Amino acid sequence: MADSQNQEVREIRINPIIPSESVLVATARSMRPKKAEDLAPRDTRKHVDTCPFCTGNEDKTPPAIATYPPTGEWRIRIVENLYPVLGDDRSEANLSFGLQQTIDGYGRHEVMIDHNEHGIAVQDMSQAHLHNLFGAYRERMQQLYDSDPRLKYVLVFKNFGPAAGASIPHTHSQIIAMPVVPENLQAEVENSRAFYNKHHQCIFCSLINEALTFEATIYDRESGKIHRKIHVGQFVIERGRKFIAIKPFASRFEWEVHILPLTHQSDFGAISDDDLDDLAGVVRRTMARLEAVIGGAQYNYFLHSVPHDGTHEENAPSFHWHLEICPRTSIPTGFELGSGIYVNTVKPEEAAEKLRNAVID
Ligand SMILES: [Zn+2]
Ligand SMILES: [Zn+2]
Ligand SMILES: [Zn+2]
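Rules used in this analysis
Residues numbered from 1 in each chain as written. Chains lettered and ligands numbered in written order. Predicted model: local features only at pLDDT ≥ 70, side-chain atom pairs only at ≥ 80, totals over all residues. Heavy atoms only, no water. Pairing = 2+ DSSP bridges. Helix = DSSP H or I, 4+ residues; strand = E, 2+ residues; numbered from the N terminus. Axes fitted to C-alpha atoms, helices over the stretch in contact; angles between N-to-C directions. Donors = N, O, S within 2.8 Å, 3.2 Å for Na, K, Ca; no water. Tetrahedral: all angles 85-135°; square planar, octahedral: opposite > 155°, others 65-115°. Buried < 20%, exposed > 50% of the residue type's maximum accessible area, 1.4 Å probe, protein only. Salt bridge = Lys/Arg side-chain N within 4 Å of Asp/Glu carboxyl O.

S.K.: What am I meant to see in the sheet that holds strand 1 (residues 10–14) here?
M.R.: In sheet architecture, strand pairing relies on hydrogen bonds along the backbone and comes in two forms, parallel and antiparallel. Overall, mixed pairing links the three strands, which are arranged 1-2-15 in an open sheet. Looking at strand neighbours, the two that pair on one side only are strand 1 and strand 15 (342–344), the edges of this open sheet. With direction set aside, neighbouring strand axes in the sheet form an average angle of 25°. Relative to strand 2 (residues 22–26), strand 1 runs antiparallel, the two sharing five bridges. Each residue of the ladder has a partner; that of I12, found in strand 2, is L24.

Put into structure tokens, the structure is as follows:
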């Protein structure tokens, strides 16, 4: 165990991928209010008669774009979002005035009903089902990119629980295809390319290598005695044959975890069926660890994959797709909104240790 473990810290950590983003790790717990919704019991019912996403109520949503399996009783179902944030082309051109510049809100917004069981949590889904769910993400992302070259980024994300912004309790994901690359993703793409140009390696691969280095010893230059031992591998919380779950050193959220392929891959769309299986296992076990440690986790997760905006090939060696899981255990305060600095009240190494040591089946 590292010597600095379990003691109060107050330090600003720089996100190695987006250096402009920093996190204040401050274990004084009064820094952030806890979310009241944390205590709300999760809706674990299997079927709710009035739920538009439950089996039997298919007429309450727009018709299915796809179902899995394609025939018979569905387990996963994709429909148009009834309240899209982006929609079809508008016939009128945008009016831009002075500093009020706009980009057409053209795009697609779809809902993926993740499971036919209303209140099932990800960690309770079978590995085979999660394989199909992530396979459905892969397929729909590809179809959307193929459908219209103006779509530059397809964002797949999931809000789970009211604290994470889920308005319908039935488990679901969302797919938003947009005509611009979101700024935070663009920052990851550009910074990882700059790192690659300088060091000739992918920064995500470097972070994985660092995470898998169990221990580093720093010797005193003069005496040659051990100056400090750093336990680097303390950020790994779960791994499979092909995937690893890591607690980021500069985690923005207390229980944030990222899942990445161990072998370099820029585009989630290129994931093989065999790899999907391993990913499903790592996702399920990671969510089970979060459930065991923080219980009833409300979270957002989202996929960051290389954008299809014409730079796809160029960014292939430097960008590495990943799934970011961000449990919401506190609400941002004026400090965070005003400074852009995230406040994390749990030291990431300690959070990682708790998650790694959690007993799961
Ligand atoms: Zn339902
Ligand atoms: Zn890589
Ligand atoms: Zn990312």
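Text resumes after the structure shown.
S.K.: Before we go on, may I ask you to explain the coordination of the zinc ion (ligand 2) in this structure?
M.R.: Under perfect tetrahedral coordination by four donors, a metal shows angles of 109.5 degrees; under perfect octahedral coordination by six donors, it shows angles of 90 or 180 degrees. Around the zinc ion (ligand 2), the protein contributes the donor atoms C202 (SG), C205 (SG), H264 (ND1) and H320 (ND1), which lie 2.1 to 2.3 Å from the metal centre. The site at the zinc ion (ligand 2) holds four donor atoms, and with the angles between them running 105 to 113°, its shape is tetrahedral. Sequence positions of the residues that donate to the zinc ion (ligand 2) give the spacing C-x2-C-x58-H-x55-H. Here C205 is found in helix 3 (residues 203–212), whereas its partner H264 is found in the loop between strand 12 (257–261) and helix 4 (273–294), with 59 residues between them in sequence. Classification of C205 as buried rests on a relative accessible area of 18%. You can call H264 partly exposed: its relative accessible area is 31%.

S.K.: Explanation requested: the pattern of salt bridges in the structure shown.
M.R.: Should their charged atoms come close, side chains of opposite charge can pair. What the rule picks out here adds up to 18 salt bridges. Among the salt bridges present, the one from R45 reaches D43, with a minimum N-O distance of 3.0 Å. By relative accessible area, which is 48% here, R45 ends up partly exposed. Residue R150 pairs with D148 through a salt bridge whose shortest N-O separation is 2.9 Å. For D148, a relative accessible area of 9% gives the class buried. One continuous salt-bridge network, built from bridges that share partners, spans E21, R252, E256 and E324.

In short, geometric facts, not functional conclusions.
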